[in-house]
Amino acid sequence: MAQIGQATADVSERRRRLMEPLMPEGVPYQEVFGENVDLDAFLPRRVETAE
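Computed from a prediction, not measured in an experiment: that's the story for all the values here. (Residues numbered from 1 in each chain as written. Predicted model: local features only at pLDDT ≥ 70, side-chain atom pairs only at ≥ 80, totals over all residues. Heavy atoms only, no water.)

A word on the overall build of the protein chain
When its secondary structure is counted, the protein chain shows two helices and zero strands. Going through the 51 residues of the protein chain one by one, you find that 8% of them count as buried. A total of about 4,800 Å² of accessible surface is found on the protein chain, and carbon and sulfur atoms cover 54% of it. (Helix = DSSP H or I, 4+ residues; strand = E, 2+ residues; numbered from the N terminus. Buried < 20%, exposed > 50% of the residue type's maximum accessible area, 1.4 Å probe, protein only. Areas by Shrake-Rupley, 256 points an atom, 1.4 Å probe, with all protein chains shown as cover.)

Some remarks on the pattern of salt bridges
For the structure on display, the rule yields one salt bridge. Between Arg17 and Glu13 there is a salt bridge, and its shortest N-O distance comes to 3.9 Å. Here the residue Arg17 and the residue Glu13 both occupy positions in helix α1 (residues 2–19), the gap between them amounting to four residues, near one helical turn. (Salt bridge = Lys/Arg side-chain N within 4 Å of Asp/Glu carboxyl O.)

These figures capture arrangement, not role.
Take a look at the structure:
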């Protein structure tokens, strides 16, 4: 579980470093994506299909 937590934190930090230069000047990353945003927020939602 500790490794999963560390890996999640690493991915979050890498995403922040990649996205910050793309943000409009003066707009903090956390203001747009939230302070505790996770990777799932960037992935499409699961679509339920009727069978």
